[in-house]
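For reference, the chains in residue letters:
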Amino acid sequence: MGDPRALSREAALRLGPPQWKHACHALLYAPCPERLFGKIPLRFAVLMQMRFDGRLGFPGGFVDLRDTSLEEGLNRELREELGPGAASLHIAELDYMSSHASENPQRVVAHFYAKQLCLDELRTIEEGATRAKDHGLEVMGLVRVPLYTMRDGVGGLPAFLSNTFIGNARDQLVHALETFQLVPREQLQKAVSTAQKRL
Ligand code: GTP
Ligand code: MN
Ligand code: MN
Ligand code: MN
Ligand code: MN
Ligand code: MN
């Protein structure tokens, strides 16, 4: 397949149609003070989705000719995939994180964004998600990412990372967990290497 190559936003935007399509996806997260079983700190609620193709990915999609900017395309896709709870959600250029170009199976530049919400906002999105236009079609459901590791060393984040992800979504997730310190660095590195061995 070939690894997607990282590009600056500027360089990415020079890759134009008709050869290249552009897609934008977003990681939404919120601080979450609750504990699992009254014990394990959840730390943050991080949203991903189970896609129609059985792979995990982030909400978002292709930017097309109706969209006047990457962010406008992203916000349109978020409304389609997340539904009414995302009506007041606006991802901006400030929330931009990275761009990656891949050639297989088609030429796509994938732009990635991340935004912190408060837990109430994130819950509103979750509650509205089954009323989204694409629910049950392109999107089979939202999931929260477990950020902890269970005592067996696999349950939680390592097992989650052992799933199949679309494109470079797994790397996008790990990079955001690291950048925003959503998981302690050492625990994250361990989870990534445990998942690697299980694949
Ligand atoms: P359609 O309306 O069917 O076109 O779907 P969409 O516009 O929602 O597009 P979708 O989000 O399925 O995918 C757009 C492109 O980005 C495709 O090439 C996907 O393989 C890729 N993709 C989808 N989700 C992610 C993701 O979370 N991360 C990355 N890096 N790529 C993704
Ligand atoms: Mn139970
Ligand atoms: Mn999509
Ligand atoms: Mn879509
Ligand atoms: Mn679309
Ligand atoms: Mn669609």
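Residues numbered from 1 in each chain as written. Chains lettered and ligands numbered in written order. Predicted model: local features only at pLDDT ≥ 70, side-chain atom pairs only at ≥ 80, totals over all residues. Heavy atoms only, no water.

### As for the coordination of the manganese ion (ligand 4)
Then, in step 1: Coordination of the manganese ion (ligand 4) by the protein is provided by Glu-77 (OE) and Glu-81 (OE), with metal-donor distances spanning 2.1 to 2.2 Å.
Then, in step 2: A gap of 3.3 Å separates the manganese ion (ligand 4) and the manganese ion (ligand 3), which Glu-81 links by coordinating each metal. A residue pair is termed a helical-turn pair when its members lie 3 or 4 positions apart in one helix, as Glu-77 and Glu-81 do in helix 2 (residues 70-82) at four residues.
Then, in step 3: A relative accessible area of 8% places Glu-77 in the buried class.
Then, in step 4: You can call Glu-81 buried: its relative accessible area is 5%. (Donors = N, O, S within 2.8 Å, 3.2 Å for Na, K, Ca; no water. Helix = DSSP H or I, 4+ residues; strand = E, 2+ residues; numbered from the N terminus. Buried < 20%, exposed > 50% of the residue type's maximum accessible area, 1.4 Å probe, protein only.)

### Considerations on the confidence of the model for the protein chain
Then, in step 1: The predicted model of the protein chain has a mean per-residue pLDDT of 96, with 99% of residues at 70 or higher.
Then, in step 2: Predicted complex, confidence summary: ipTM 0.96, pTM 0.97. (pLDDT = per-residue confidence, 0-100.)

### So, the nonpolar core
Then, in step 1: By size, the foremost hydrophobic cluster in this structure holds 26 residues, and its most contacted members are Leu-27, Val-46, Met-48, Leu-173 and Leu-177.
Then, in step 2: For this core, the secondary structure elements donating two or more residues are strand 2 (21-36), strand 3 (40-51), strand 7 (108-116), helix 4 (157-161), helix 5 (169-179) and helix 6 (185-198).
Then, in step 3: Looking at this core element by element, the count peaks at five residues for helix 5.
Then, in step 4: Among all residues touching Met-48, those that are not within four sequence positions of it are Leu-56, Gly-57, Phe-58, Gly-141, Leu-142, Val-143, Val-145, Phe-160, Phe-165, Ala-169 and Leu-173.
Then, in step 5: Ranked by size, the runner-up nonpolar core spans 20 residues in total, among them Leu-28, Val-63, Ile-91 and Leu-122. (Core = buried A, V, L, I, M, F, W, Y, C linked by side-chain atoms within 4.5 Å. Contact = heavy atoms within 4.5 Å.)

### Notes on the side chain of Arg-9
Then, in step 1: Mapping Arg-9 onto the fold places it in helix 1 (residues 9-13).
Then, in step 2: Overall, Arg-9 belongs to the buried group, its relative accessible area being 18%.
Then, in step 3: There is a polar contact of 2.9 Å between the side chain of Arg-9 and the side chain of Glu-71.
Then, in step 4: Leaving out residues up to four positions away in the same chain, Arg-9 has contacts with Leu-70, Glu-71, Glu-93, Tyr-96, Ser-99 and Tyr-113. (Polar contact = N/O pair within 3.5 Å; in protein donor to acceptor, adjacent residues only side chain to side chain.)

### Digging into the site of ligand 1
Then, in step 1: Within the structure, ligand 1 sits among 17 residues, and His-25, Phe-58, Glu-81, Asn-168 and Gln-172 are positioned closest to it.
Then, in step 2: In this structure, a nitrogen atom belonging to ligand 1 sits 2.5 Å away from a side-chain N or O atom of Asn-168.
Then, in step 3: Here Gln-172 contributes a side-chain N or O atom positioned 2.8 Å from a nitrogen atom of ligand 1.
Then, in step 4: When isolated, ligand 1 has an accessible area of 630 Å², and the protein chains bury 79% of it.
Then, in step 5: At a threshold of 2 Å from the grid points, most atoms of ligand 1 map onto the largest pocket.
Then, in step 6: Listed by contribution, the elements that provide at least two residues to the shell around ligand 1 are strand 2, strand 5 (60-63), helix 2, strand 7 and helix 5.
Then, in step 7: Of the residues assigned to the shell around ligand 1, the class counts are seven nonpolar, six polar and four charged. (Near = heavy atom within 4 Å. Areas by Shrake-Rupley, 256 points an atom, 1.4 Å probe, with all protein chains shown as cover. 1 Å grid on protein atoms, 1.4 Å probe; cavity = no way out; pocket = protein on both sides within 12 Å on 5 of 7 lines; lining within 4 Å. Sits in = over half its atoms within 2 Å of the grid points. Nonpolar A, V, L, I, M, F, W, Y, C, P; charged D, E, K, R; others polar.)

### Description of the packing of aromatic side chains
Then, in step 1: Tallied over the full model, the rule gives five aromatic pairs.
Then, in step 2: Where Tyr-96 meets Tyr-113, the ring centres are 5.7 Å apart and the plane angle is 75°; that geometry is what we call edge-to-face. Here Tyr-96, found in strand 6 (residues 96-102), pairs with Tyr-113, found in strand 7; they are 17 residues apart in sequence, far enough to count as distant.
Then, in step 3: Classification of Tyr-113 as buried rests on a relative accessible area of 0%.
Then, in step 4: Ring centres 5.8 Å apart and planes at 70° place the aromatic pair Phe-160 and Phe-165 in the edge-to-face group. Accessibility classification places Phe-160 together with Phe-165 in one group, the buried group.
Then, in step 5: Here the aromatic cluster, defined as three or more aromatic residues joined through ring pairs, consists of Tyr-29, Phe-44 and Phe-180.
Then, in step 6: Seen from the ring of Tyr-96, Arg-9 lies directly overhead, with NZ or CZ sitting 5.3 Å from the centre. (Phe/Tyr/Trp six-rings, centres within 6.5 Å; stacked < 30°, edge-to-face > 60°. Lys NZ or Arg CZ within 6 Å of the ring centre and 35° of its normal.)

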